[in-house]
Amino acid sequence: MTDESSPALEPTTLEPAPAPLPALGDAGDIALLGLIDRLAELLERAALAELEVESGGTALILRKRVVAVAAAQPAAVAAAPTPAVPGAEEAAAAGRDPGVNAPPSVKAPLTGIFYASPAPGTAPYVQVGGEVAVGQVIGLIEAMKLFNEIKSDLAGRVTRVVADSGALVKAKQPLIEVEPL
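Heads up: these notes are all about the structure in this document. For clarity, every value in this text was computed on a predicted model and none was experimentally measured. (Residues numbered from 1 in each chain as written. Predicted model: local features only at pLDDT ≥ 70, side-chain atom pairs only at ≥ 80, totals over all residues. Heavy atoms only, no water.)

Notes on the sheet that holds strand 5 (residues 131–132)
Sheet strands line up and pair through hydrogen bonds in the backbone, either parallel or antiparallel.
Next up, step 1: Pairing in this open sheet of four strands is antiparallel, and the strands run 3-10-8-5 from one edge to the other. Two strands in the sheet have a free side with no partner beyond their single neighbour: strand 3 (105–107) and strand 5. (Pairing = 2+ DSSP bridges. Helix = DSSP H or I, 4+ residues; strand = E, 2+ residues; numbered from the N terminus.)

Printed below as a string of structure tokens:
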């Protein structure tokens, strides 16, 4: 017996609900986005055109935008000297040739952010006029969220701290200059 006043039920097919999108905001996602931002900043400051990072099954490639430069440049700009050695501009400003008679220096073993002191607001590891011994820590270089102690391979008096604290340094770039005793 059917009641004429009740609506007829139609057969329906059930479709699976779409898979939920991964929610941004998880601590891991925020950390990953922060890492990508830091890598993009490093790429922007470095003399690299591309940076590729692979971890597990995830790969990330960051590339700088290529900006075309007009072929016709003024002669004064084309003749401007470009330093081939890190710190060459400072050496030229100090009146010495960067490749000839360069003072002995402790060089960065890797590329990263240089820190002259163990923590913000504390005294630097070395200062101009101070003495440094072989094996003494002269600073820290942060690379991939790891802080690496940089130890002197020279002994003597510090004549100049070349690298600025908090600045990006490249491998083999002088950090401090030392006058042997």
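So that's the structure; there's more coming.
What to know about the side chain of Glu142
Next up, step 1: Among the structural elements, Glu142 can be located in strand 6 (residues 137–143).
Next up, step 2: For Glu142, the side chain forms a polar contact with the side chain of Arg38, separated by 3.3 Å.
Next up, step 3: In this structure Glu142 touches Arg38, Gly112, Ile113, Tyr115 and Phe147, once residues within four positions along its chain are discounted. (Polar contact = N/O pair within 3.5 Å; in protein donor to acceptor, adjacent residues only side chain to side chain. Contact = heavy atoms within 4.5 Å.)

What about the environment of Gln136?
Next up, step 1: Looking at the secondary structure, you find Gln136 in the loop between strand 5 and strand 6.
Next up, step 2: Remark: the alpha-carbon pair of Gln136 and Glu149, spanning 13 residues in sequence, is separated by 9.5 Å.
Next up, step 3: Ignoring anything within four residues of it in the chain, the contact list for Gln136 reads Tyr125, Val126, Glu131, Ile150, Lys151 and Ser152.

Comments concerning the pairing of strand 8 (residues 156–161)
Next up, step 1: Relative to strand 8, strand 5 runs antiparallel, the two sharing two bridges. In the sheet register, Glu131 faces strand 8, and the bridge partner there is Arg157.
Next up, step 2: Where strand 8 meets strand 10 (residues 174–179), four bridges bridge the pair, whose relative direction is antiparallel. Bridge pairing in strand 10 places Val161 opposite Ile176.

Comments concerning the packing of aromatic side chains
Next up, step 1: On inspection of all chains with the given rule, the structure shows one aromatic pair.
Next up, step 2: A ring pair is formed by Tyr115 and Phe147, whose centres lie 5.9 Å apart and whose planes are at 45°; its orientation type is tilted. Of this pair, Tyr115 sits in strand 4 (residues 112–115) while Phe147 sits in strand 7 (residues 146–151); the two residues are 32 residues apart in sequence, bridging distant segments of the chain. (Phe/Tyr/Trp six-rings, centres within 6.5 Å; stacked < 30°, edge-to-face > 60°.)

Description of the environment of Arg38
Next up, step 1: With respect to the helices, strands and loops of the structure, Arg38 is situated in helix 1 (residues 27–45).
Next up, step 2: The contact partners of Arg38, leaving out residues within four places of it in the chain, are Glu142 and Lys145.

Observations concerning the nonpolar core
Next up, step 1: Among the nonpolar cores identified, the biggest contains 15 residues, and Phe114, Ile138, Ile141, Val169, Leu175 and Ile176 are the most heavily contacted of them.
Next up, step 2: For this core, the secondary-structure elements that each account for two or more residues are strand 6 and strand 10.
Next up, step 3: Sort the elements by how many residues they give to this core and strand 10 lands first, with three residues.
Next up, step 4: Ignoring anything within four residues of it in the chain, the contact list for Ile176 reads Pro104, Ser105, Val106, Val126, Ile138, Val158, Arg160, Val161 and Val162. (Core = buried A, V, L, I, M, F, W, Y, C linked by side-chain atoms within 4.5 Å. Buried < 20%, exposed > 50% of the residue type's maximum accessible area, 1.4 Å probe, protein only.)

Quick word on the side chain of Ser152
Next up, step 1: Relative to the assigned elements, Ser152 resides in the loop between strand 7 and strand 8.
Next up, step 2: Given the relative accessible area of 3%, Ser152 is considered buried.
Next up, step 3: When near neighbours in sequence (up to four residues on either side) are disregarded, Ser152 contacts Val106, Val132, Ala133, Val134, Gly135, Gln136 and Ile138.

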